[in-house]
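Each chain, letter by letter, is given below.
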Amino acid sequence: MSGSPPPEGGFVRRIGLFQATAINMSQMCGIGPFVTIPLMVAAFGGPQAVIGFIAGALLALADGLIWAEMGAAMPGSGGSYVYLRQAFQYRTGRLMPFLFVWTAMLFIPLIMSTGVVGFVQYLGYLAPDMGKTAGDLVGLGMIVLVIALLWRGIEHIARITAVMWAVMITSVLLVIVAAATDFSADLAFTYPAHAFDLTGNHFWLGFAAGLTIGIYDYLGYNTTAYMGAEIKDPGRTLPRSIIYSILGIMAIYLLLQIGTLGVIDWHRMTDPNDIASTSVASAVLEKTWGKGAADTVTVLILITAFASVFTGLLGGSRVPYDAARERVFFRPYATLHPKHRFPMLGLATMGVVTAIGFLIGRHTDLATLIQLLTTVMVLVQALAQIAAATVLRRRQPTLRRPYKMWLYPVPSLVALVGWLVIYGYADKNSPGRHPIEWSLAWLALGIVAYALWARFEKVWPFGPREITEEYLTAPAPDAEPAGA
């Protein structure tokens, strides 16, 4: 999410377009597609599930243009935290950035917990006799191992993450190539009756569930916006990295989804007793190249799942640290480990929430966990950020905007509709789980926490509003040298 403490003199702008696009894509394509293809098929009730990935890409692209405009205009470290602080400081002081960090403390580790659930699911392919309790213990043990590694301080992070990224790309490409060697168009493109009946409520329920799963798979397209202070020529690089990464991942996901549906009968993916419902990539490899190849690729997917949790908690733990350091969150979160210099409390808190989220996913289902994390994220990040783009155009009309979203306000309206569909159908797609009510309860608790914190810190509404418009007067970031 956000970076480590800046070096003396501030961050160095050294990340170019290729690296920025790769960073986004590496965050987008983790364990997600390996565990969500069966969920998408179950949501739509057939191979028309490909609609969900396309819809998710369109929502990500519309929302990404909002990130692109604000990231190019305010290329600092923090992403949403910066944009919400700038847009809403005039009326509500530090409330919105505080609430963003508050919700991030929940939805970031919930995203990580899906990676742990995916790890245990694919481990079940290699250890089919593993029981429920054993799986729970393995998942919790994995979380403890990740926290232990991060707690000791990890050197050469860039090299480690590059190796993990290579493993992930290799596993994705192997599944795509394997599917192409035994592809059946009849399996992939034969749809059940009434698959596209737009007049029935069944289609739209499936569409809303599929859109939720789809946008979950694309999460990460905004990673470079959180690293804006380290991007070369951010006015050009940030927007392009977001758009290119979404289009690139969409192509990969479509090849993966269609290829899988062309090898595995979609009915198998909806059978909870079939390995294709929990480890569909392993099922593809077993059918095409045999058990040995399936075992090998399963190991690569396990490494990918571990990598997604490792890198996610590494970056996510910095979010409350950065906010606390700037006096927009509880002060104890600004404390670094005395020896290894990492944010102890942020890492510990997110580790605990990840464990809780993992157990929720294991004892309900993965679709419910995805529904919970996206519903929590919608209110303060997605919807508030759409509003922030409009507020900033009105409040700071002279703000330097090297990139303005195409066809404004159409992308904002498309994103607004997409996020509202996800939120509005959340309870119907998770009957009995009440994700809307839980998200509202978490938001209300966050407002109470802010009131207590604001009173202690003597800031609005218990003190004056502090208006800072640093991006209005800041010099333009150094552009990339010609010929670079």
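This one's a predicted model, so the numbers in the text were calculated from it and none came from an experiment. The residue count restarts for each chain, going from 1 along the sequence in the order it is written. Only residues with pLDDT of at least 70 are given local features in this predicted model, and only at 80 or more are side-chain atom pairs given and counted; all residues enter the totals for whole chains, interfaces and linings. Side-chain metrics rest on all non-hydrogen atoms present in the structure, leaving aside hydrogens and water.

Engineer: What should I look at first to understand the packing of helix 3 (residues 50-73) against helix 9 (residues 201-218) in this one?
Structural biologist: Packed helices, taken two at a time, are described by the angle between their axes plus the distance between the axes. Note on geometry: axes are C-alpha line fits, over the in-contact stretch for helices, and angles between N-to-C directions span 0 to 180 degrees. Numbering of helices and strands runs from the N terminus, with a helix taken as a DSSP run of H or I at least four residues long and a strand as a DSSP run of E at least two residues long. Where helix 3 meets helix 9, the closest approach of the two axes is 7 Å, and the angle between their N-to-C directions is 60 degrees. When the axes of helix 3 and helix 9 are compared, the pair comes out oblique. Note that helix 3 runs across helix 9; the crossing there is right-handed. Contacts from Ile51, Gly52, Phe53, Ala55, Gly56, Ala57, Leu59 and Ala60 in helix 3 reach Phe203, Phe207, Gly210, Leu211, Gly214, Ile215, Asp217 and Tyr218 in helix 9. In this classification, Asp, Glu, Lys and Arg are treated as charged, Ala, Val, Leu, Ile, Met, Phe, Trp, Tyr, Cys and Pro as nonpolar, and every other residue, Gly included, as polar. Here the residues of the contact of helix 3 with helix 9 sort into eleven nonpolar, four polar and one charged. Geometric relationships in this document are graded by angle, where less than 35 degrees denotes roughly parallel, more than 145 denotes roughly antiparallel, 65 to 115 denotes roughly perpendicular, and other angles denote oblique. Here a crossing is called left-handed whenever its near helix is offset anticlockwise from the far helix by less than a right angle, and right-handed whenever the offset is clockwise. Note on contacts: a residue pair is in contact if any heavy atoms of the two residues lie within 4.5 Å.

Engineer: So what exactly am I meant to see when it comes to helix 14 (residues 291-316) here?
Structural biologist: Since the α-helix packs 3.6 residues into each turn, any two residues three or four apart lie on the same face. What a helix should span is 1.5 Å times the count of its residues minus one. Taking 1.5 Å as the rise per residue, helix 14 with 26 residues should run 38 Å; its terminal C-alpha atoms sit 37 Å apart, in good agreement. Taken across its 26 residues, helix 14 has 19 buried, putting it largely inside the fold. Only protein chains enter the accessibility calculation, which uses a 1.4 Å probe; a residue whose area is less than 20% of its type maximum is buried, one above 50% is exposed, and one in between is partly exposed.

Engineer: Sorry if this is basic, but what is going on with the side chain of Thr288 here?
Structural biologist: As for its position among the elements, Thr288 is in helix 13 (residues 280-289). Look at Thr288 and you get buried, because its relative accessible area is 19%. Any pair of nitrogen or oxygen atoms within 3.5 Å is treated as a polar contact; in protein, a donor-acceptor pairing is required on top of that, and neighbouring residues in sequence qualify only through side-chain atoms on both sides. Among the polar contacts made by the side chain of Thr288, one reaches the main-chain carbonyl oxygen of Val284 at a distance of 2.8 Å. Apart from residues no more than four positions distant in its own chain, Thr288 is found in contact with Ala178, Thr181, Asp182 and Val263.

Engineer: Help me understand a positive patch on the surface in this model?
Structural biologist: A grouping of Arg91, Arg394, Arg395 and Arg465 is seen on the molecular surface, where their side chains present a positively charged patch. Structurally, Arg395 can be placed in helix 17 (residues 366-395). Looking at Arg395, the relative accessible area reads 31%, which means it is partly exposed. Patch membership needs two things, relative accessible area over 30% and no salt bridge, and members are linked within 9 Å if like-charged or within 5 Å if nonpolar (Val, Leu, Ile, Met, Phe, Trp, Tyr). A 1.4 Å probe and the Shrake-Rupley method give the accessible areas. Residues count as covered only by the protein chains that appear here. Take a side-chain nitrogen of Lys or Arg and a carboxyl oxygen of Asp or Glu: if they are within 4 Å of each other, that pair is a salt bridge. None of His or the chain ends enter the tally, which takes Lys and Arg as positive and Asp and Glu as negative. By convention, charge coordinates are those of NZ in Lys, CZ in Arg, CG in Asp, or CD in Glu.

Engineer: Before we go on, may I ask you to explain the environment of Tyr191 in this structure?
Structural biologist: In this structure, Tyr191 sits in the loop between helix 8 (185-189) and helix 9. Note: C-alpha distance between Tyr191 and Gly46 (145 residues apart in sequence) is 6.3 Å.

Engineer: What's the story with the confidence of the model for the protein chain in this structure? I'm lost.
Structural biologist: Reading predicted coordinates in detail is not appropriate for stretches of low pLDDT. Values of pLDDT, ranging from 0 to 100, describe the predictor's confidence in every residue of the model. Per-residue confidence for the protein chain gives a mean pLDDT of 89, with 94% of residues at or over 70. Low pLDDT, under 50, characterises residues 1-9; the predicted model gives this stretch 21 contacts beyond four residues in sequence or across chains. Considering only residues more than four positions removed or in separate chains, one finds that residues 479-484, a stretch of pLDDT under 50, has two contacts.

Engineer: How should the side chain of Ser279 be read in this particular structure?
Structural biologist: Within the element layout of this structure, Ser279 appears in the loop between helix 12 (266-269) and helix 13. Accessibility expressed as a relative area gives 0% for Ser279, which makes it buried. At 3.1 Å, the side chain of Ser279 and the backbone oxygen of Gln121 are in polar contact. In this view, Ser279 contacts Gln121, Tyr122 and Tyr125; residues no more than four positions away in its chain are not counted.

Engineer: Mind showing me how you'd approach the pattern of salt bridges here?
Structural biologist: Think of it this way: side chains of opposite charge can pair up when their charged atoms draw near. In total, this model carries twelve salt bridges according to the counting rule given. Of the charged contacts in the structure, one is a salt bridge between Glu69 and Arg401, with a shortest N-O distance of 3.9 Å. Of this pair, Glu69 sits in helix 3 while Arg401 sits in the loop between helix 17 and helix 18 (410-424), and the two are 332 residues apart along the sequence. We note that Glu69, like Arg401, is buried. A salt bridge links Arg331 to Glu457; its shortest N-O distance comes to 2.8 Å. With Arg331 in the loop between helix 15 (318-325) and helix 16 (344-363) and Glu457 in helix 20 (residues 435-457), this pair connects stretches of sequence that are 126 residues apart. For Glu457, a relative accessible area of 7% gives the class buried. Put simply, Glu69, Arg393 and Arg401 are held in one network by salt bridges that share partners.

Engineer: Just to check I follow, could you spell out the layout of surface pockets for this structure?
Structural biologist: Rolling a probe over the atoms, with the probe sized like a water molecule, indicates the empty space that remains. The volume enclosed by the second largest pocket comes to roughly 730 Å³. We place a 1 Å grid over just the protein atoms. Points where a 1.4 Å probe fits but has no way out form a cavity, open points with protein on both sides within 12 Å along at least 5 of 7 lines form a pocket, and any residue with an atom within 4 Å of a point lines it. Forming the boundary of the second largest pocket are 28 residues, of which Gln121, Pro272, Ser277, Thr278 and Arg362 lie nearest the centre. Of all the secondary-structure elements, those providing two or more residues to the lining of the second largest pocket are helix 2 (32-44), helix 5 (95-126), helix 16 and helix 17. Of the residues that constitute the lining of the second largest pocket, the class distribution is 14 nonpolar, nine polar and five charged. Grid points are joined across faces, edges and corners, and a volume is the space filled by probe spheres set on the points.

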